[in-house]
Amino acid sequence: MEKKVTNFKSCLKNMPDILVSCRSKKGENNALAVGYACNCSYDPPMVMVGIVPSRYSYEIIKETGEFVVNLVHEELREKYKYLGSHSGRDEYKLEVLKMKIGDAIKINSPLLLDCPVNIECKVIDSIKTGSHEMFIGKVEYIHAKAELIDDNGNIDYSKINFLKFR
């Protein structure tokens, strides 16, 4: 027997739970938890992240046109929850959490060094889709922990214990 689904947020849940980091033009670093993200082109490589317009990072990404997708492993579960439930308008979340920050190479955004993979992106377009604006970012540079890279320069994702919310 079928049962009616009423929570449409869960209709497709093979989405990664990621952290998106950004830096304001004033030099303030911020990050937020994002549940809507995907690859959207392999040539050129592009990703898409969905952010609610009321979020503090939304304003920063609109202003700067840059962001970093940070892949999250299970050990960051509590920090992920914190970044998803507190606003950068009220505090410097990354400092509160004592997260390690690095500078991107191709863009002016922070890398979350506690994450195993960081993907630098420049916004080339966006689409308003109701509750979210989907930012399409051209991948400018990918950072990964050395132990994750195979002999052919590929990331071995099987070595990452990805965060998964059930």
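Parameters and conventions
- Residues numbered from 1 in each chain as written.
- Predicted model: local features only at pLDDT ≥ 70, side-chain atom pairs only at ≥ 80, totals over all residues.
- Heavy atoms only, no water.
- Helix = DSSP H or I, 4+ residues; strand = E, 2+ residues; numbered from the N terminus.
- Rg over C-alpha atoms; globule rule 2.2 N^0.38 Å.
- Buried < 20%, exposed > 50% of the residue type's maximum accessible area, 1.4 Å probe, protein only.
- Salt bridge = Lys/Arg side-chain N within 4 Å of Asp/Glu carboxyl O.
- Core = buried A, V, L, I, M, F, W, Y, C linked by side-chain atoms within 4.5 Å.
- Contact = heavy atoms within 4.5 Å.
- Pairing = 2+ DSSP bridges.
- Axes fitted to C-alpha atoms, helices over the stretch in contact; angles between N-to-C directions.
- Phe/Tyr/Trp six-rings, centres within 6.5 Å; stacked < 30°, edge-to-face > 60°.

Enquirer: Go over the overall build of the protein with me, naming the residues and quoting the values.
Expert: Per the secondary structure count, the protein includes three helices and nine strands. Starting at the N terminus, the α and β elements of the protein follow one another as β-β-β-β-α-β-α-α-β-β-β-β. The C-alpha atoms of the protein give 16 Å as radius of gyration, which agrees with the globular expectation for 166 residues (15 Å, within 12%). On the principal axes, the C-alpha backbone points of the protein span a range of 50 × 40 × 35 Å. Each of the 166 residues in the protein was classed as buried or not, and the buried ones make up 42%.

Enquirer: Describe in detail the pattern of salt bridges, supporting the description with residues and values.
Expert: Within this structure, the stated rule accounts for seven salt bridges. Between glutamate 74 and arginine 77 there is a salt bridge; the shortest N-O distance is 2.6 Å. Under the relative-accessibility criterion, glutamate 74 is labelled partly exposed at 23%. The class of arginine 77 is buried, set by a relative accessible area of 17%. When the shortest N-O distance is used, the salt bridge between aspartate 114 and lysine 100 registers 3.8 Å. Note that aspartate 114 is positioned in the loop between strand S7 (110-112) and strand S8 (117-128) and lysine 100 in the loop between helix H3 (93-96) and strand S6 (101-103), a separation of 14 residues in sequence.

Enquirer: Could you give me a rundown of the nonpolar core, with the residues and numbers involved?
Expert: Grouped together as the largest cluster of nonpolar side chains are 24 residues, with contacts concentrated most on Ile18, Val20, Val49, Ile51, Phe67 and Val69. If one sorts the elements of this core by residue count, helix H1 (residues 56-64) sits on top with four residues. Look past the residues within four positions of valine 20 in its chain and what remains in contact with it is Asn30, Ala31, Leu32, Val34, Val49, Ile51, Ile61, Phe67, Val68 and Asn70. In this structure, Ala31, Tyr80, Tyr82 and Leu94 belong to the second largest nonpolar core, which totals 13 residues.

Enquirer: Before we move on, could you go through the sheet that holds strand S4 (residues 45-51) and cite the residues and values that matter?
Expert: The strand order S2-S1-S5-S8-S9-S4-S3 describes an open sheet built from seven strands, whose pairing is antiparallel. For this open sheet the edge positions go to strand S2 (29-34) and strand S3 (37-42), each flanked by a neighbour on one side alone. Pairwise comparison of adjacent strand axes, ignoring direction, gives a mean angle of 35 degrees for this sheet. Of the strand pairs in this sheet, strand S5 (residues 66-71) and S8 are connected by six bridges, and their pairing is antiparallel. In the strand pairing of S8, glutamate 66 is matched with lysine 122. Contacting strand S1 (18-23), S2, S4, S5, S8 and strand S9 (133-144), H1 runs over the sheet at an angle of about 55 degrees to S1. Across the face of the sheet, helix H2 (residues 77-85) comes into contact with S1 and S2 while running at roughly 105 degrees to S2.

Enquirer: Residue-level account of the packing of aromatic side chains, with values.
Expert: Under the counting rule described, the total for this entry stands at two aromatic pairs. Taken together, a centroid distance of 5.7 Å and an interplanar angle of 55 degrees make the contact between tyrosine 58 and phenylalanine 135 tilted. Of this pair, tyrosine 58 sits in helix H1 while phenylalanine 135 sits in strand S9; the two residues are 77 residues apart in sequence, bridging distant segments of the chain. In this structure, tyrosine 58 and phenylalanine 135 share a single accessibility class: buried.

Enquirer: Report on the pairing of S1, specifying residues and quantitative values.
Expert: It is a general feature of regular strands that their side chains alternate between the two faces of the sheet. Of all six residues that make up S1, six are buried, and the element is covered over most of its length. Across six bridges, S1 lies against S2 in antiparallel orientation. Considered in S2, the bridge of isoleucine 18 is made with valine 34. Between the end of S1 and the start of S2, which pair antiparallel, lie five residues, with glycine 27 showing a positive phi angle near 90 degrees. Two elements, S1 and S5, share four bridges in a ladder whose sense is antiparallel. Of the residues in S5, the one forming a bridge with valine 20 is valine 69.

Interpretation note: all reported values are geometric properties and have no functional meaning in isolation.
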